[in-house]
Amino acid sequence: MELIDLALIWALIIGFGIIMYVLMDGFDLGQGILFPFAPDEDARDVMMNSVAPVWDGNETWLILGGAGLLAAFPLVYSVFLPALYIGVFLMLTGLIFRGIAFEFRFKARTSKYLWNWAFAGGSILASFAQGVVVGNYIQGFAVENGVFVGGPFDWLTPFTVLTGLGLLAGYALLGSTWLIMKSEGYIQDWAYKITLPLLGAVLAVFVIISIWTPFVNPAVWDRWFSNIQIIWVLPAMTAFFAWVLFRSVQKRQDGMPFVATMGIFVFTFLGLVASKWPYVVPPDYTIYDASSAWESQLFLLLGLLFVIPIVLAYTAWTYWVFRGKVKAGVGYH
Amino acid sequence: MELDPLLLSRIQFGFVVSFHAIFPVFTIGLASYIAVLEGLFFKTRNPVWEKLARFWTQVFAVVFGMGVVTGIVMAFQFGTNWSNFSQASANFLGPVLSYEVVTAFFLEATFLGVLLFGRNKVPRGVHLFAAVMVAVGTFISSFWILSANSWMQTPAGVEFRDGAVFVTSWMEALFNPSFPYRFAHMVMASFLTGGFVVAGVSAWYLLRKREVEANRKALSMCLWMLLFFAPAQAWVGDLHGLNTLEYQPVKVSAMEGLWETDTNVPLLLFAIPDQANQTNHLEIGIPNLASFILTHDWAGQVPGMNEVAVEEQPPVGIVFWSFRIMVSIGLLMIAFALAGLVLRRGGRFAETPWFLKGLTYMSITPFIAVVAGWFVTEVGRYPWLVWGEMTLAEGLTPSLTGGMALFTLIGYVLVYALVFAAGVYYLMRIFQVGMEDTHTGDHIDEPHSAKRPWSGADVTLEAGGR
């Protein structure tokens, strides 16, 4: 009966969910990362207002991803989470603090500074932890018979710390280019000013990771250098978007820096997937090894096919409603 | 002392889930109440209904938000601490839990926004429809969760192959033997929770002579509802108990504190169970009553703990006492519902100080009863994670150490304590500010946002002006 390659469809859905999450929660986590460095309290108001209507919806992709993995690729779920045990805890703590700070800062008067710290701290912690996950994915997991057998701190290596810092810089870049698009005046000037140094930091991390990866995982090195392949288009596109970002900031364009940053993220993500495909629990397990039963994947797919278009349409509508610049001191007192 | 990752994981899961459960159990009941208020307003155009609906929607927004925040952790707990269980049961539990997330996602993305922020923006009929759909959505959400939980208690519709579950019939698995009872029991618990909280807050306002007309109406409604549901819950609870006797008899033995299978079993009102010596101390009981309740025969035979090996016995003390706390609160609820009926003559229910004060205190009891009830059913299934198929020890993450589990347990307790303190403090602020149309600087005019439930509440965090 297994006429359709459901594992492949599910890999596409989960991949789509991950990139949606990274792009969308990335720019609002970026506001939190940049929060302590903002020029003043008015700028912080604008930063928070620029993401307030959408951040909660953005985060739902993460929960859907978690539940979707359990349903479609239980092996991924039951290896990644034990392996990243402490890291997952830190990420969830960060997200909870950020969520609570979001709600209370809007309603606070004298206690505002506390929520500023909670917002920044939570965002930084969650972003770093997510970057560490990426590092672990490249690095691979100690798995025997489908069960994680490594130690409690396997997830924390110099390499994963680097990817953690890399994603921190990446989210900050998404945040600053989002802010360019959504703000004006001295706040926008500040966002322009920090964007190129952030781009420099992101590219530096890319270069270090590229050099370091063969030492961490030779299989990835083979994939890229065994023979010249079409996949080199992906890093080329990443470089192209980095160049677009550089030019658009120099020309002080409004929306292009954010679009270019999304391009950098999408092609980096695709490059990462290409390095590993079809392995989802490196180094040994493919999407087919990690899949749940065919009928289980089908059972959930039917519901998702109905819901995802509605959620996407609604998401697009929200962004349309809240389009345009966020003005300082408007709608927030 | 060696740290036991199994015990610590059980405590952590129990803590996180108990803590999370109190929010949805309230919002499920409250959503239906708001839908009723909206319906009454739609039909009668009486502004009192709208005033109540507006006020309770604010409360709903905050509690719903707390439920979302504390629920995030749940989506990951199965993997972090119970990875073997996750992997083994993923073919059934994965889709079911995902459907719950999808339902909540869908609900939040569509009708919740209209309910919270669409009052003056969409036609009245559409707003009412949104309120009804939010209420329906909360039931669908709880359907999935309770189906998953019931399946772990009374697994059906699956076969176990190579250490994993494969679904043979989705209908049998979803509607497994204990599901109808557990679902009914929980939905009614939600109504009782919503009812007693609304009644308690209304009583608190009535004692202070605030918005008397609206709160009187609210209290009256609640009392009628409670008069029906409080006794009905006792009946459904009894049916649930009989179902448990059929499928998980040892859980019932623990609830009754019965160590050896016997006839003419008394209903124990008090006892100190002693697991080590397999006996009770200081027993006080009503002769033959437990036999009668469980078998409908005064001399009926009730299974005792000795039916299973000692290491397969659940911790009797926790189950025994949690059960008694739940039942006592249930009886107290029935008493208050009846008192409300008696006091209806001459409208004294809204003026009698002891009754109103009592109701104010009663508003906390449903939460205790719900958590106690879950303790009975969850602790009572020890040592099974999936009844008869997989033990808790087998389901545990193999790589988990005691130190890791202790670290995250302490972490979650601290984080949740902060979230809880902040949330409850803010709820109290909403209650203090109340439903009057005042301009004391306690309201804010932030832009309302459909994606953030809490922006549905517009009370400032600190009292006084800005």
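Here is what the cut-offs are and how they apply
- Residues numbered from 1 in each chain as written.
- Chains lettered and ligands numbered in written order.
- Predicted model: local features only at pLDDT ≥ 70, side-chain atom pairs only at ≥ 80, totals over all residues.
- Heavy atoms only, no water.
- Helix = DSSP H or I, 4+ residues; strand = E, 2+ residues; numbered from the N terminus.
- Buried < 20%, exposed > 50% of the residue type's maximum accessible area, 1.4 Å probe, protein only.
- Contact = heavy atoms within 4.5 Å.
- Areas by Shrake-Rupley, 256 points an atom, 1.4 Å probe, with all protein chains shown as cover.
- Lys, Arg positive; Asp, Glu negative; His and termini not counted.
- Charge placed at Lys NZ, Arg CZ, Asp CG, Glu CD.
- Polar contact = N/O pair within 3.5 Å; in protein donor to acceptor, adjacent residues only side chain to side chain.
- Buried area = accessible area lost by both parts, 1.4 Å probe.
- Salt bridge = Lys/Arg side-chain N within 4 Å of Asp/Glu carboxyl O.
- Core = buried A, V, L, I, M, F, W, Y, C linked by side-chain atoms within 4.5 Å.
- Axes fitted to C-alpha atoms, helices over the stretch in contact; angles between N-to-C directions.
- Parallel < 35°, antiparallel > 145°, perpendicular 65-115°, else oblique.
- Left-handed = near helix turned anticlockwise from the far one by under 90°.
- Phe/Tyr/Trp six-rings, centres within 6.5 Å; stacked < 30°, edge-to-face > 60°.
- Lys NZ or Arg CZ within 6 Å of the ring centre and 35° of its normal.
- UniProt positions renumbered as here; feature names shortened; annotations may be inferred.
- pLDDT = per-residue confidence, 0-100.
- Pairing = 2+ DSSP bridges.
- 1 Å grid on protein atoms, 1.4 Å probe; cavity = no way out; pocket = protein on both sides within 12 Å on 5 of 7 lines; lining within 4 Å.
- Points joined across faces, edges and corners; volume = space filled by probe spheres on them.
- Nonpolar A, V, L, I, M, F, W, Y, C, P; charged D, E, K, R; others polar.

**Q** Looking at this model, I keep getting lost on the overall build of chain B. Mind explaining?
**A** Within chain B, the regular secondary structure consists of 15 helices and six strands. Taken along its principal axes, the extent of the C-alpha atoms in chain B is 65 × 50 × 45 Å. Counting every position in chain B, which comprises 466 residues, the buried fraction comes to 61%. Once local pairs closer than 6 in sequence are excluded, the contacts in chain B between residues at least 24 apart make up 76%.

**Q** Can you help me understand the overall build of chain A in this one?
**A** Each helix and strand counted, chain A has 13 helices and four strands in total. If you line up chain A on its principal axes, its C-alpha atoms span 60 × 40 × 35 Å. Out of the 333 residues belonging to chain A, those deemed buried represent 60%. Once local pairs closer than 6 in sequence are excluded, the contacts in chain A between residues at least 24 apart make up 80%. Surface exposure of chain A reaches about 13100 Å², of which carbon and sulfur atoms provide 74%. Positive and negative charge centroids in chain A, built from 16 and 20 side chains respectively, lie 15 Å apart.

**Q** Can you help me understand the side chain of Ser98(B) in this one?
**A** Here Ser98(B) lies in helix α3 (residues 83–109). A distance of 2.8 Å separates a polar atom in the side chain of Ser98(B) from the backbone oxygen of Ala67(A).

**Q** Mind showing me how you'd approach the interface of chain A and chain B here?
**A** With 66 residues of chain A in contact, the opposing surface of chain B contributes 67 residues. Interface area, chain A with chain B, both sides summed: about 6200 Å², of which 74% is carbon and sulfur. Linking chain A with chain B are zero salt bridges, by the criterion used here. Counting only elements with at least two residues in the side of chain A that touches chain B, the list comes to α3 (55–72), α4 (74–83), α5 (85–107), β2 (147–148) and α13 (294–321) of chain A. Looking at the side of chain A that touches chain B, the element that brings in the most residues is α5(A), giving 15 residues.

**Q** Is there a simple way to think about the nonpolar core in this case?
**A** Generally speaking, a soluble globular protein has its nonpolar side chains buried in company with each other. Residues Phe73(A), Val281(A), Leu52(B), Trp56(B), Val59(B) and Phe92(B) are the most contacted members of the largest nonpolar core, which totals 250 residues. For this core, the element with the most residues is helix α2 (residues 47–81) of chain B, which contributes 20 residues. Residues within four places of Phe73(A) in sequence aside, it is in contact with Ala7(A), Trp10(A), Ala11(A), Ile14(A), Gly68(A), Ile287(A), Ala290(A), Ser291(A) and Gln297(A). Judged by nonpolar contacts, the second largest core, of 17 residues, contains Val319(B), Met326(B), Ala372(B) and Trp387(B).

**Q** Could you clarify how one ought to interpret the pattern of salt bridges in this entry?
**A** For side chains bearing opposite charge, pairing can occur when the charged atoms are close. All names here are of chain B. Taken as a whole and judged by the stated rule, the model has 17 salt bridges over all chains. Here Lys51 makes a salt bridge to Glu211, at a shortest N to O gap of 3.2 Å. In this pair, Lys51 sits in helix α2 while Glu211 sits in the loop between α7 (179–207) and α8 (212–247), placing the two residues 160 residues apart along the sequence. The class for Lys51 is partly exposed, based on a relative accessible area of 21%. The class of Glu211 is partly exposed, set by a relative accessible area of 23%.

**Q** Explain the side chain of Thr27(B) to me, please; I cannot follow it from the model alone.
**A** Residues and elements named next belong to chain B. Residue placement: Thr27 occurs in helix α1 (residues 5–44). On the accessibility criterion, Thr27 (6% relative accessible area) is buried. Excluding residues within four positions of it along the chain, Thr27 makes contact with Phe60, Val63 and Phe64.

**Q** Honestly, helix α9 (residues 249–256) of chain B in this entry has me stumped. Any pointers?
**A** For an α-helix, the turn length of 3.6 residues means that residues three or four places apart are oriented alike. With seven of eight residues buried, α9(B) is to be regarded as a mostly interior element. Looking one or two places after α9(B), you find Gly257(B), whose phi comes out positive at around 65°.

**Q** Whenever I open this one, the packing of helix α1 (residues 6–34) of chain A against α13(A) confuses me. Can you help?
**A** All names here are of chain A. Contact geometry of α1 with α13 gives a least axis separation of 11 Å together with a crossing angle of 30°. One way to sum up the angle between α1 and α13 is to call them roughly parallel. The interaxial crossing formed by α1 with α13 has left-handed handedness. Contact residues: α1 offers Leu6, Ala7, Ile9, Trp10, Ile13, Phe16, Met20, Met24 and Phe27, while α13 offers Trp294, Gln297, Leu298, Leu300, Leu301, Leu304, Ile308, Leu312, Thr315 and Tyr319.

**Q** Mind showing me how you'd approach the packing of aromatic side chains here?
**A** To describe a pair of aromatic rings, one takes the distance between the centres and the angle between the planes. Counting across every chain of the model gives 54 aromatic pairs over all chains. A centroid spacing of 5.9 Å and a plane angle of 70° characterise the contact between Phe55(B) and Tyr205(B), whose relative ring orientation is edge-to-face. On the criterion of sequence distance, the pair formed by Phe55(B) in helix α2 and Tyr205(B) in helix α7 is long-range, its members being 150 residues apart. Note on Tyr205(B): relative accessible area 1%, which makes it buried. Taken together, Phe299(A), Phe92(B), Tyr99(B), Phe143(B), Trp144(B), Trp151(B), Trp170(B), Phe175(B), Phe179(B) and Phe183(B) form an aromatic cluster joined through their ring pairs. The ring of Phe35(A) carries Arg44(A) above its face, with NZ or CZ at 5.9 Å from the centroid.

**Q** Sorry if this is basic, but what is going on with the UniProt feature "transmembrane region" (unreviewed entry) in chain A here?
**A** UniProt records the feature "transmembrane region" (unreviewed entry) for residues 6–24, 83–101, 113–138, 158–180, 192–212, 224–246, 258–279 and 299–322 of chain A in the present numbering. Split by type, residues 192–212 of chain A is 100% helix and 0% strand. Its first and last C-alpha atoms lie 31 Å apart.

**Q** Where do I start with the environment of Phe191(B) in this structure?
**A** Its location among the elements puts Phe191(B) in helix α7. On the basis of relative accessible area, Phe191(B) is assigned to the buried category, the value being 18%.

**Q** When you look at the confidence of the model for chain B in this model, what are you seeing that I'm missing?
**A** Detail in the predicted coordinates should be disregarded across regions flagged by low pLDDT. Per-chain confidence: chain B averages 91 in pLDDT, with 95% of residues scoring 70 or above. Taken together, the chains of this predicted complex give a pTM of 0.91 and an interface ipTM of 0.90.

**Q** How do you make sense of the pairing of strand β1 (residues 158–161) of chain B when you look at a structure like this?
**A** In the case of a regular strand, side chains alternate between the two sheet surfaces. Residue and element names in this part refer to chain B. Bridge analysis of β1 against strand β2 (residues 164–167) gives four bridges, and the strand direction is antiparallel. In the sheet register, Glu159 faces β2, and the bridge partner there is Phe166. Connecting β1 to the next strand, β2, in antiparallel fashion are two residues, including Asp162 with a positive phi near 45°.

**Q** What is the right way to read empty space enclosed by the protein from this model?
**A** To find leftover empty space, one rolls a probe the size of a water molecule over the atoms. Summed over the entire model, instances satisfying the criterion amount to two cavities of 30 Å³ or more. Looking at the largest cavity, its volume works out to about 130 Å³. Along the walls of the largest cavity sit 15 residues, with Ile13(A), Ile14(A), Gly17(A), Leu64(A) and Gly65(A) positioned nearest its centre. Counting residues per element, the ones that place at least two in the lining of the largest cavity are α1, α3 and α13 of chain A together with α3 of chain B. Considering only residue class, the lining of the largest cavity consists of eleven nonpolar, four polar and no charged.

**Q** Would you mind going over the pairing of strand β3 (residues 267–274) of chain B with me for this structure?
**A** All names here are of chain B. Sheet topology note: the β3/strand β4 (residues 279–286) ladder contains six bridges and is antiparallel. Looking at the pairing, Leu267 lines up with Ile286 of β4. Between β3 and β4, which follow one another and run antiparallel, lie four residues, and Gln278 among them has a positive phi close to 55°.

**Q** Would you explain the confidence of the model for chain A in this entry?
**A** Put simply, chain A has an average pLDDT of 90, and 97% of its residues get 70 or more. Least confident of the elements in chain A is helix α9 (residues 218–225) of chain A, whose mean pLDDT is 80; most confident is helix α7 (residues 158–182) of chain A, at 96.

**Q** How should I be thinking about the packing of helix α8 (residues 185–216) of chain A against helix α10 (residues 233–250) of chain A in this particular structure?
**A** Helices that pack against each other are described as a pair by the angle of their axes relative to one another and the distance between those axes. Residues and elements named next belong to chain A. Where α8 contacts α10, the axes come no closer than 10 Å and their chain directions differ by 160°. By the angle between their directions, the pair α8 and α10 is classed as roughly antiparallel. Along this stretch, α8 crosses α10, giving a crossing that reads as left-handed. Two secondary-structure elements touch here, α8 through Tyr192, Thr195, Leu196, Leu199, Leu203 and Phe206 and α10 through Thr238, Ala242, Leu245, Phe246 and Val249. Residue composition of the contact of α8 with α10, grouped by class: nine nonpolar, two polar and no charged.

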